[in-house]
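Structure assessment
Here is what each chain is made of, one letter per residue.
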Amino acid sequence: MFAMIAIGEVNSLSYEDFLEIFGNVVEKCPLVTAAVWSARPFATLADMEARIAEFIDSLPAAGKAGILRCHPDLAGRDLQSGTLTAESEQEQVAAGLRSLEPADATRLRRLNLQYKERFGYPFVICAGLNDRAAILRQLAERFANEPQRELPLAIEEVKKICCLRLRRIVASDIKL
Ligand SMILES: NC(=O)N[C@H]1NC(=O)NC1=O
């Protein structure tokens, strides 16, 4: 990992370094990072977060669904096989998803599958802000949403994941 850097240092990074450091703040979507490069300089970390959120919000529904599809399943095959990104693995393990009771693991797998069939993208929630019980509860609740309501909710979770990832990189005193 990288040492925490100040926003002033962020603004003076080369594009290549910027992409290397921030390329996965939105899971497997370095395009988002490449796009917000144009919005520098950032006044604060909150400003950087807002520019990222603006870019994501500016995408058509298919682009938003595409971002969601870049996310791995929670407690899915990638967690078992060790092929998650470092960020995602850390988040999923911290939420207790590696140590699920077999019944919870089965339930999560079944609900994940049903969710993906209904919406066409995997269930995304900020694991850093939810423990395994909250994740299972939210999954069951959000499954009942209309697709038009669910897409913006899922995208808000992407932004929360992004904010937590940014706050592990950029020095700041902002609290979620
Ligand atoms: N599917 C999904 O929510 N994935 C994730 N959430 C999170 O906080 N990290 C992830 O990888």
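Residues numbered from 1 in each chain as written. Predicted model: local features only at pLDDT ≥ 70, side-chain atom pairs only at ≥ 80, totals over all residues. Heavy atoms only, no water.

The protein chain is annotated in an unreviewed UniProt entry as 2-oxo-4-hydroxy-4-carboxy-5-ureidoimidazoline decarboxylase of Paramormyrops kingsleyae. A UniProt comment under Subcellular location (unreviewed entry) is attached to the protein chain, and it reads "Peroxisome". Its UniProt record, at the heading Sequence similarities (unreviewed entry), says of the protein chain: "Belongs to the OHCU decarboxylase family." (UniProt positions renumbered as here; feature names shortened; annotations may be inferred.)

1. Considerations on helix α9 (residues 132–143)
Over its 12 residues, α9 runs 16 Å from end to end, which matches the ideal 16 Å to within 8%, given 1.5 Å per residue. Every buried residue belonging to α9 is among A134, I135, L136, L139 and R142, and all of these are buried. Contacts made by the buried residues of α9 are with α8 (102–119) and α10 (147–167). (Helix = DSSP H or I, 4+ residues; strand = E, 2+ residues; numbered from the N terminus. Expected span 1.5 Å × (residues − 1). Buried < 20%, exposed > 50% of the residue type's maximum accessible area, 1.4 Å probe, protein only. Contact = heavy atoms within 4.5 Å.)

2. Looking at the nonpolar core
If you look at the biggest cluster of nonpolar residues, it comprises 51 residues, and the most contacted ones within it are V10, F22, V26, M48, I52, L97 and I135. Elements that contribute at least two residues to this core include exactly α1 (7–11), α2 (15–22), α3 (30–36), α4 (45–58), α5 (61–69), α8, α9 and α10. When residues of this core are assigned to domains, at least three fall in each of domain 1 (7–66) and domain 2 (72–164). (Core = buried A, V, L, I, M, F, W, Y, C linked by side-chain atoms within 4.5 Å. Domains from an automatic or database assignment.)

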